[in-house]
Amino acid sequence: MKKIICLVCTISLIIGSTSVVSADLWNSYFGLNKGWYEGTKAALTSNSDTGWTANVSDIGWGGCWGGQVYKKGVSIKKGKKYRIKFTIKSSKLDKWVYLKIGNEDGSKINFAKWIDCKKGKKVKIDTTFKAKYNGNDIFFGIGGDFGDRAKVKTDKDAKVRYQYAPNKKLDGRLGGDAAAKHPTVITVSGYSFKSTGVKFESPKMNQGFLVMDKGEKTVVKLSGAKGKVKWTASNKKLVKIRKLSKNKIAVKAKKTGNTTIIAKYKKKKYKCRIAIF
């Protein structure tokens, strides 16, 4: 009886651990395998939480979604910053791969990029983005480069993804339908996707209006600014400004009167009015 109980426990542990691991793996859809004659014919020959390999015997001519490698169940929260990192390679031909982090119909895109994979060359992707929407889907479109433009008027997702096109030669770079017979092996390695744990905040002055005595000192800060900030005062004779960091200054009141501290950041101005007595 004890042996049976142990065996059941062991099986339960194996099933449990398998389900956890499989949640980190990639799914695939290859249209020609499913009978779609314009789709991609391929198979995943390796699959792990850090990457995948697709052995493609026919890239198809139905556009990038004729072959897909994708992951669902990824937790993406609106307003948070995420980093995606991986290396991608196409072994036998120049290949456009479309990366999309968003929903299937293209109406809620958090990040999108056409990746130009030159034959035999490794392309390293390491980028961060702010999520505009809640979501859980990451797609690699690895099907034929051509064929999608005819659908732009009726296919909402096609219209969206060509907004991210780096040029107008995504379709037919390999030369018409004959290109559909070209084989290649597409490999993604070193993949990671994670939240940086930082929420973006809109730039905002920590003070909107200040009353100061002559000789008094204070600190004015533009919170939410991540880059260079240019600081000025509308009446420079009334205050002395000393820069403490990129987004923070020390202000000393010199003479009585009214002035405005102005922070210029990414072509926008943020103001703090000061009355000195």
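Residues numbered from 1 in each chain as written. Predicted model: local features only at pLDDT ≥ 70, side-chain atom pairs only at ≥ 80, totals over all residues. Heavy atoms only, no water.

Describe in detail the sheet that holds strand β1 (residues 27–30), supporting the description with residues and values.
With antiparallel pairing, the five strands of this open sheet are ordered in space as β1-β4-β9-β6-β7. Only two strands of the sheet have a single neighbouring strand rather than two, namely β1 and β7 (109–117). Here the average twist between neighbouring strands, direction ignored, is 15°. (Pairing = 2+ DSSP bridges. Helix = DSSP H or I, 4+ residues; strand = E, 2+ residues; numbered from the N terminus. Axes fitted to C-alpha atoms, helices over the stretch in contact; angles between N-to-C directions.)

Provide a residue-level description of the sheet that holds strand β18 (residues 268–276), including the pertinent values.
The strand order β12-β18-β17-β14 describes an open sheet built from four strands, whose pairing is mixed. Strands with a single pairing partner mark the edges of an open sheet, and in this sheet they are β12 (209–212) and β14 (230–233). Sheet twist, expressed as the average angle between the axes of neighbouring strands with direction ignored, equals 20°. Strand direction decides the pairing type here: β14 and strand β17 (residues 257–265), joined by four bridges, are antiparallel.

Can you explain a nonpolar patch on the surface? Please cite residues and give values.
A cluster of nonpolar side chains, Phe209, Val211 and Phe277, forms an exposed patch at the surface whose accessible area comes to about 340 Å². The residue Val211 is located in strand β12 in this model. (Patch = residues over 30% accessible without salt bridge, like charges linked within 9 Å, V, L, I, M, F, W, Y side chains within 5 Å. Areas by Shrake-Rupley, 256 points an atom, 1.4 Å probe, with all protein chains shown as cover. Salt bridge = Lys/Arg side-chain N within 4 Å of Asp/Glu carboxyl O.)

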